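Examination of the molecular architecture
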Amino acid sequence: MMDQNHDQQLRAELYLRGDTYGTYDAQRDVLERVRELETENVLDESTVADEWQRIRTLNEDRRDGALATYDEFAAWAQRNDYALEPAFERRARSYVGLSRIDDVVVFPVVSLAIYERDRLQAVFPCSDGERNYRVQDCLDAFERGDEGWLTQFDTVTVDRTAPRLEPGLDA
């Protein structure tokens, strides 16, 4: 396990899609790994949002934090010259019989963001065009004590030190 410097104050935000079938065990495995990292003081804090829905639009989302969180993730990806796709997808959505078109975001089954105070260090899953970085890759690095693994990603400053989405499960 990593021996974290307490000045870092690493925080994990784990987002689990609540509208999927057949993914419960995989989501629980990730959740248990994050909880263990917090118990071992590798992470100072973790929060889980388990109602992260597949598709969110500005018009439909009762939790406007979902799209704001996505925009924060997208800013991090742009700074790192990474893509959130194919795990995340932003597209236009039209409706049969209506002229309305909504901007929507399709969220992955599991995503993880790592913060150090007011700096977003990394978002998973992501891709650099040659390699896909999975949530499991980040957790593996923490578990094997690879303190420098996150330094390959550039951070972005964010305007918050707590999740925008309401936590669902205690982590």
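Cut-offs applied
- Residues numbered from 1 in each chain as written.
- Predicted model: local features only at pLDDT ≥ 70, side-chain atom pairs only at ≥ 80, totals over all residues.
- Heavy atoms only, no water.
- Helix = DSSP H or I, 4+ residues; strand = E, 2+ residues; numbered from the N terminus.
- Contact = heavy atoms within 4.5 Å.
- Areas by Shrake-Rupley, 256 points an atom, 1.4 Å probe, with all protein chains shown as cover.
- Expected span 1.5 Å × (residues − 1).
- Buried < 20%, exposed > 50% of the residue type's maximum accessible area, 1.4 Å probe, protein only.
- Arc of directions from axis to C-beta.
- Pairing = 2+ DSSP bridges.

**Focus on the overall build of the protein**
- Check the secondary structure of the protein and you find three helices and ten strands.
- In the protein, the succession of helices and strands from N to C terminus is β-α-β-β-α-β-β-β-β-β-β-α-β.
- For the protein, restricting intrachain contacts to residue pairs at least 6 apart in sequence, the fraction spanning at least 24 positions comes to 71%.
- By element, 42% of the accessible surface of the protein is carried by carbon and sulfur atoms, the whole surface being about 8800 Å².

**Focus on helix α2 (residues 65–80)**
- Between its first and last C-alpha, α2 extends 23 Å over 16 residues, near the 22 Å set by a 1.5 Å rise per residue.
- Residues Gly-65, Ala-66, Leu-67, Thr-69, Tyr-70, Glu-72, Phe-73, Trp-76, Ala-77 and Asn-80 constitute the buried set of α2.
- Just downstream of α2 lies Asp-81, where phi reads positive at about 60°.

**Some thoughts on the environment of Asp-19**
- Tracing the chain through its elements places Asp-19 in the loop between β1 (10–17) and α1 (24–39).
- Each C-alpha atom, one on Asp-19 and one on Val-109, is 8.6 Å from the other, the two residues being 90 residues apart in sequence.

**Points about α1**
- The terminal C-alpha atoms of α1, which comprises 16 residues, lie 22 Å apart, in line with the 22 Å expected from a rise of 1.5 Å per residue.
- For α1, the complete set of buried residues consists of Gln-27, Val-30, Leu-31, Arg-33, Val-34 and Leu-37. Mapping the buried residues of α1 onto a view down its axis gives an arc of 160°, with all of them on the same face. In α1, the exposed positions angled more than 90 degrees off the buried face are occupied by Tyr-24, Asp-25 and Thr-39.

**Topic: the pairing of β1**
- Counting buried positions over the eight residues of β1 gives eight, a clear majority of the element.
- By the alternation rule, side chains of β1 split into Leu-10, Ala-12, Leu-14 and Leu-16 and Arg-11, Glu-13, Tyr-15 and Arg-17, which are all buried.
- Alignment of β1 against strand β6 (residues 110–116), held across seven bridges, turns out to be antiparallel. By the bridge assignment for β6, Tyr-15 is matched with Ser-111.

**Considerations on unusual backbone geometry**
- Residue Pro-86 is bonded to the preceding Glu-85 through a cis peptide linkage, with omega at 10°.
- Positionally, Pro-86 belongs in the loop between α2 and β4 (89–94).
- Omega for the peptide link from Phe-124 to Pro-125 comes to 5°, which places this bond in the cis form.
- Checked against the element boundaries, Pro-125 lands in the loop between β7 (119–124) and β8 (126–127).
- Although it is not a glycine, Asp-81 adopts a positive phi angle of roughly 60°.
- Among the structural elements, Asp-81 can be located in the loop between α2 and β4.

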